[in-house]
Amino acid sequence: MNKNIKIQYDLSEDDWRTFYNTYYASDKRFKLRFIYGTGSWIVGVCGLMGLFDNKFIAFGMIVFGLYCVFAKQYLVNKAVKKVKAKPQFPGKIDYNIDQDKMAGIEQGMEFEFSWDMFYGYRNAAPGLLLYLKQASFFFIPKEAISTEEKQEIIDILQLQNVRDLDTK
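Treat the numbers as computed from the prediction; the structure is a model and nothing was measured.

1. Some words on the overall build of the chain
Each helix and strand in the chain was counted, giving four helices and seven strands. Going from N to C terminus, the chain has its helices and strands arranged as β-α-α-α-β-β-β-β-β-β-α. Whereas a compact globule of 168 residues would reach a radius of gyration of roughly 15 Å, the chain reaches 20 Å, over 25% beyond that. If one aligns the C-alpha atoms of the chain with their principal axes, the spans along those axes are about 70 × 35 × 25 Å. Counting the 168 residues in the chain, one finds 39% classified as buried. In the chain, of all internal contacts separated by at least 6 residues, the share reaching a separation of at least 24 is 61%. Once the 22 positive and 20 negative side-chain charges of the chain are each reduced to a mean point, those two points are 10 Å apart.

Here it is as structure tokens:
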């Protein structure tokens, strides 16, 4: 299994948006924030209908609830906007993956990382996310690799003891 996997793929804004959505969807804090936000919004609406004497507090709860509910989408839009501001946008994936390392060119810069430098990986519906740390990842869209290549990459990651961060 000492095979070199070469991945080249032209990215689109939709690819970036899909992977940032996947990244934020795996964060449990956003799920809790959504639940708290929905509850706050409901209590705020009840406050406007007469539960509270102070309508300002009720309105504040509605605003806070809406912020919590839409926080994930706000952060996805913010991240995509930041990526779009770079001159290399939308970008191209050019990765070489083998038993020892991942190397390539991303956004005009060459890189090389051995597998022991990786924090973990997620095998998600839109593709693979390879994390250098919790908030920094490379992504490989499912359209860029075959099912066999994806499984080979996962086998390499497991062999190198890179943590499976388990996206459901």
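Picking up after the structure, the text goes on.
2. Here we look at the pairing of strand 3 (residues 101-106)
Across four bridges, strand 2 (residues 92-97) lies against strand 3 in antiparallel orientation. Considered in strand 3, the bridge of Asp94 is made with Ile105. Between strand 2 and strand 3, which pair antiparallel one after the other, the connecting turn spans three residues. Inspection of the sheet shows strand 3 paired to strand 4 (residues 109-114) by six bridges, in the antiparallel sense. Across the sheet, the residue bridging to Met102 is Phe113, located in strand 4.

3. What to know about the packing of aromatic side chains
Per the counting criterion, the structure on display carries 11 aromatic pairs. Where Tyr95 meets Phe111, the ring centres are 5.8 Å apart and the plane angle is 75°; that geometry is what we call edge-to-face. Taken together, the residues span a long stretch of sequence, with Tyr95 in strand 2 and Phe111 in strand 4 at a distance of 16 residues. Residue Tyr95 is classed as buried on the basis of its relative accessible area of 0%. With a relative accessible area of 14%, Phe111 lands in the buried category. Among the aromatic side chains, those forming a connected cluster through ring pairs are Tyr95, Phe111, Phe113, Trp115, Phe118 and Phe138. The side chain of Arg163 reaches across the aromatic face of Tyr119, ending 4.5 Å from its centre.

Parameters at a glance
- Residues numbered from 1 in each chain as written.
- Predicted model: local features only at pLDDT ≥ 70, side-chain atom pairs only at ≥ 80, totals over all residues.
- Heavy atoms only, no water.
- Helix = DSSP H or I, 4+ residues; strand = E, 2+ residues; numbered from the N terminus.
- Rg over C-alpha atoms; globule rule 2.2 N^0.38 Å.
- Buried < 20%, exposed > 50% of the residue type's maximum accessible area, 1.4 Å probe, protein only.
- Contact = heavy atoms within 4.5 Å.
- Lys, Arg positive; Asp, Glu negative; His and termini not counted.
- Charge placed at Lys NZ, Arg CZ, Asp CG, Glu CD.
- Pairing = 2+ DSSP bridges.
- Phe/Tyr/Trp six-rings, centres within 6.5 Å; stacked < 30°, edge-to-face > 60°.
- Lys NZ or Arg CZ within 6 Å of the ring centre and 35° of its normal.

Function cannot be inferred from these measures alone, as they are strictly geometric.
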